[in-house]
Amino acid sequence: MTGMPPTVELQEALLELQQYLSDSVAPLIVADSIQLLLRYPPEAVASAIRAWTGAQYRSVSGRSVPVSDYLFHALKKIHMMGEFNLVPRQALEAYFEQLTPIVLGLCPEEDRETLKENLSRLGETPVTSSPVQTMFRQASTAEGTRAASVPTEDFRTAAGEDAGTSAEALRNLRRFSLLLERLEAQGVLGGRSTSPANPIATEALAFAARSSHSGKELENYLGRLKSMGFEAGTDNLFRALAQSLPGWVVPASASAGAAGMAETGALGAMRRIITEAEDPVEGARRFQEMVKAVVERFNEGSLPQAVAMLELAERLVAEKKVDTGSAEIVRRRLGETLEAEQLRKFAEKPDQHELLRKVLRFFTSLTPEGLLEDLQREQKRDRRRLILLLLEVHGAPARAAAHEQLSRPLSTAVGEEEWFFRRNLLYVLRRIPRSAEASFEDEADVFLRHAQLGLPLVVLKEAIAALSQYKDEKTEEGLIQLLSGLEEMLGKPDEAPYEARDMRALLDRIAATIARFPSTRAREALIEHAGKKQLQLGDTMARLAELGGQNLSEDPETVDRLLGLLKANLPFKLLGVTLRQKEQNLVAVIDALAGTPSPSVRRALEEIVSRLRGQEAAKAASRVLAGFDRPPGSGEAAAPAEGPSASLQGDLDVFGLPALLQSLAASAASGTLTIREAKGGDVFATLVLREGKLQECRRGNLRGEEAFYQLFERPSPGQFAFVKGEPSKPPAALREILPLTFEAMRRYDEFQEAAALAPDSTLLEPSATKPTPHPAEKDGMFLQALWGRVSQGATPLDCEKAVASDSYRIRRILAHWVEQGALKPRAPAP
């Protein structure tokens, strides 16, 4: 060793180099040591290579590999540091020129020419490797082929199977370096352009997270991004990954594949970032950052993305990957940061309730119990309305929680705040349908306890409205007693706890509720009330009109009483003079009979039309008779049907394509699913299903499976409609929906990776390296057509439009050619 004297720093760098040659450490980790060694004479590195080669060759199995292969492997590994842009290429090439002849001198003379020939081709060699513990072996000069990598037991170390240069790790490192090369070429280093809001920064961060397979690897990736001026904290990492998520949620399924698909791509990266934190405190901090990213996506209107991340958060908590106490703090605090306007927007759309419920259940303050707690102390009316709306979204759990609160004993000593709270609880029970499990008697008792005269008016009104859901004898009796009690109070208005106009309004409510009861007893009470005609009670006859919504034909007793009232309110003669009574009373009785087309009612109404021609009562009777003669369901607004109607339709962004397809598959549906552009645009995709299986699919100019995959790889917002019916074409090869869906979602994730290397608008051009086929692509005609397009200046997006195949297949090939160096970004015009 000549030149600069050895130091502790140099010795440590040489030791790390030998560990790297044995695959004990990853390339990223050794990068700093390699840069240090470039400042020393090449004899220092050559000495370390000689010592490492000797140790390998002296091992029991090491003699099966010639010394020249060990030397080639060592130089190949050093050269890769430049290929991956982990050290400055120009400096490494200059250093390599000096190091190569020294290492050649270490090689046995009979193998020296072969080693020299293979080393001269290192700049052309694409990065390939076999699984963990790879050794780069030489090809003989006679074969004229490039160096290949061959697994060997000679390179197993204490690191075991986890050592750092597996085929996938090397490939990811190569891809990451190519991405950074593109960023450098585009001039996006440092300054404002690398802020997390920049699309290029988002792309780089997401790619780094998805590509890393360990916490150390991710740390090194982020370190490189930070050195280039990127804001590469884990908070920005979660934001970038969140934005790369698809606009759907993986459907729940009994299939074992669903669990694996739930955390591929960006979600899988999020899990690794949290679970591979160095300690529980750091893991909890990252968990909080992820949930903050959830809130951001929700506030920006991306509900499916937010839900997908929250489902991951729930799994992490359930698996105890995150401290329970820390997770609970996040649940409690961050729910308050969800924007009220977005909550209202989603809550007002019933088709989004299923996803919204998942958000509400995660945050403590938005659970039914948390919302009810806020409702009790909330002073602002708009906020109370939002809380009530969110409770409706929860459905049955919110109804049960409200019922439990209302079951607490009543006390007239409570303040106004408590009464308003109870009024809102009654509203919740009225708005949310009663489940089959709910106790009918318990709920009716709760409402009746709040429908007592003397309680605050706001509570009484809501309780009466809620009682309209029940048709039992106890409720009927309670309402009749209320009717009677209010009549007595209006007889002594000065002693009543309410204003007279409020009591008359309550009578209107009670009469409307009683009129809907299917019992003679309830109708009798209403008719008796109408017959009182006392001024202080208001228009009692008008309240009879509420009976018009029922067919009373099977209750002849009530019909006879109404016909008696009808006759009693007709004009009559006294001493030869026709005396007219209050015509509106007659109209009210006519309206009460509007739903009863019995012969006796028809005759009575026809007589009124004949006797009172031109008067309001005759007009009302004519209107009712016309309704009797109209066929059921033939209202004036009815319009003739035009073509087959859709049995299921809606917004694709809301339902999510995977969930929609799974629902149709689970129900063994047959029919045609059409997807059109948003706001009534053109149809761009058609799927034909037979008994829940895919028979045919079209997407643009694509057909079959490629068309199906394209729906996921390039998701588009739109409206869908499913029309039931057996397909007209005979059944061909039918495909199961679920496996196709999982494959399509996998392709979406990999498409994101490939698109990072070959973006839509990037101009690529051929290099001196000859392109090779992708290992998974066997169609030579397809490869030829694609190469012809891209080599003539077509962008990746142009290629997708011109070559008949799905986006993933095309972009995968282009990314492969970029990786191997057959394609490179076109230099900008001067």
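Procedures and definitions
- Residues numbered from 1 in each chain as written.
- Predicted model: local features only at pLDDT ≥ 70, side-chain atom pairs only at ≥ 80, totals over all residues.
- Heavy atoms only, no water.
- Helix = DSSP H or I, 4+ residues; strand = E, 2+ residues; numbered from the N terminus.
- Buried < 20%, exposed > 50% of the residue type's maximum accessible area, 1.4 Å probe, protein only.
- Contact = heavy atoms within 4.5 Å.
- Areas by Shrake-Rupley, 256 points an atom, 1.4 Å probe, with all protein chains shown as cover.
- 1 Å grid on protein atoms, 1.4 Å probe; cavity = no way out; pocket = protein on both sides within 12 Å on 5 of 7 lines; lining within 4 Å.
- Points joined across faces, edges and corners; volume = space filled by probe spheres on them.
- Salt bridge = Lys/Arg side-chain N within 4 Å of Asp/Glu carboxyl O.
- Expected span 1.5 Å × (residues − 1).
- pLDDT = per-residue confidence, 0-100.
- Phe/Tyr/Trp six-rings, centres within 6.5 Å; stacked < 30°, edge-to-face > 60°.
- Lys NZ or Arg CZ within 6 Å of the ring centre and 35° of its normal.
- Axes fitted to C-alpha atoms, helices over the stretch in contact; angles between N-to-C directions.
- Parallel < 35°, antiparallel > 145°, perpendicular 65-115°, else oblique.
- Left-handed = near helix turned anticlockwise from the far one by under 90°.
- Nonpolar A, V, L, I, M, F, W, Y, C, P; charged D, E, K, R; others polar.
- Core = buried A, V, L, I, M, F, W, Y, C linked by side-chain atoms within 4.5 Å.
- Pairing = 2+ DSSP bridges.

A. Local environment of the overall build of the protein chain. When you go through the protein chain residue by residue, the secondary structure sums to 37 helices and 13 strands. Looking at the protein chain as a whole, 50% of its 830 residues are labelled buried. For the protein chain, the share of sequence-separated contacts (at least 6 apart) that also reach a separation of at least 24 residues comes to 72%. Of the roughly 38,900 Å² of accessible surface on the protein chain, 50% is carried by carbon and sulfur atoms.

B. Just empty space enclosed by the protein, in detail. In this structure the tally under the stated criterion is one cavity of 30 Å³ or more. Lining the largest cavity, in full, are I34, L37, L38, V45, I78 and Y95.

C. Region of the structure containing the pattern of salt bridges. Applying the stated criterion to the full structure yields 48 salt bridges. Residues E750 and R746 are paired through a salt bridge, measuring 2.6 Å at the closest nitrogen-oxygen approach. Taken together, the residues E750 and R746, both in helix 34 (residues 737-757) and four residues apart, mark about one turn of the helix. R746 sits in the partly exposed class, given a relative accessible area of 27%. Counted as one network, the salt bridges with shared partners bring together E713, E743, R746, R747, E750 and D806.

D. Representation of unusual backbone geometry in the model. Its identity as a non-glycine residue notwithstanding, K320 has a phi of 60°, on the positive side. For K320, a relative accessible area of 68% gives the class exposed. Backbone geometry at K533 places phi at a positive 45°, although glycine is not the residue there. By the secondary structure assignment, K533 is in the loop between helix 26 (520-532) and helix 27 (556-568).

E. Spotlight on helix 37 (residues 807-820). For helix 37, which comprises 14 residues, the first-to-last C-alpha distance of 20 Å matches the rise-based estimate of 20 Å (1.5 Å per residue) to within 8%. For helix 37, the buried fraction is high: 14 of the 14 residues fall into the buried class.

F. Here's a closer look at the confidence of the model for the protein chain. Per-residue confidence for the protein chain gives a mean pLDDT of 83, with 85% of residues at or over 70. Confidence over residues 190-194 falls short of pLDDT 50; this stretch has 10 contacts with residues more than four positions distant or in other chains. This stretch, residues 636-643, has a pLDDT under 50; its non-local contacts, to residues over four places away or in other chains, come to two contacts.

G. Quick peek at the packing of aromatic side chains. In the structure shown here, the tally under the stated rule is seven aromatic pairs. A ring pair is formed by F362 and F363, whose centres lie 5.0 Å apart and whose planes are at 85°; its orientation type is edge-to-face. Where F708 meets Y709, the ring centres are 6.4 Å apart and the plane angle is 80°; that geometry is what we call edge-to-face. When its relative accessible area of 0% is taken as the criterion, F708 is described as buried. A network of ring pairs unites the aromatic residues F708, Y709 and F712 as a single cluster. The ring of F362 carries the charged tip of R331 above its face, separated from the ring centre by 4.3 Å.

H. Focus on the side chain of T741. By the secondary structure assignment, T741 is in helix 34. Note on T741: relative accessible area 1%, which makes it buried. Setting aside anything within four residues of it in sequence, one finds T741 in contact with P658, L661, F708 and F712.

I. How the structure looks around the environment of I514. Mapped onto the elements of the fold, I514 is located in helix 25 (residues 500-514). Not counting residues up to four positions away in its chain, the partners in contact with I514 are L479, I480, L483, A522 and L526.

J. Structural view of the packing of helix 18 (residues 368-377) against helix 19 (residues 381-394). In contact at an axis separation of 10 Å, helix 18 and helix 19 are set at 160° when each is read in the N-to-C sense. Taken together, the axes of helix 18 and helix 19 lie roughly antiparallel to each other. Classified by chirality, the crossing of helix 19 by helix 18 is left-handed. Across the interface between the two elements, P368, L371, L372, D374 and L375 from helix 18 touch R383, R384, I387, L388, L390, L391 and H394 from helix 19. A class-by-class count of the residues in the contact of helix 18 with helix 19 yields eight nonpolar, one polar and three charged.

K. Molecular detail of the environment of L507. On the secondary structure map, L507 appears in helix 25. Apart from residues lying up to four places away in sequence, L507 is in contact with L483, L486, L490, H529, L537 and R543.

L. Representation of the nonpolar core. Ranked by size, the top nonpolar core spans 215 residues in total, and within it F287 and L544 carry the most contacts. Among the nonpolar cores identified, the runner-up in size contains 29 residues, and F684, F742, A744 and Y748 belong to it.

M. The arrangement of the packing of helix 16 (residues 340-347) against helix 17 (residues 353-362) in detail. Packing of helix 16 against helix 17 brings their axes to within 9 Å, and their N-to-C directions diverge by 145°. Residues L343, F346 and A347 of helix 16 form the contact with helix 17, whose participating residues are H353, L356 and L360. Taken together, the residues of the contact of helix 16 with helix 17 break down into five nonpolar, one polar and no charged.

N. Inspection of the pairing of strand 10 (residues 718-724) at higher detail. Summarising the sheet, strand 5 (residues 648-651) and strand 10 pair through four bridges and their orientation is antiparallel. Each bridged residue has a counterpart across the sheet, and for D651 the counterpart in strand 10 is Q719.

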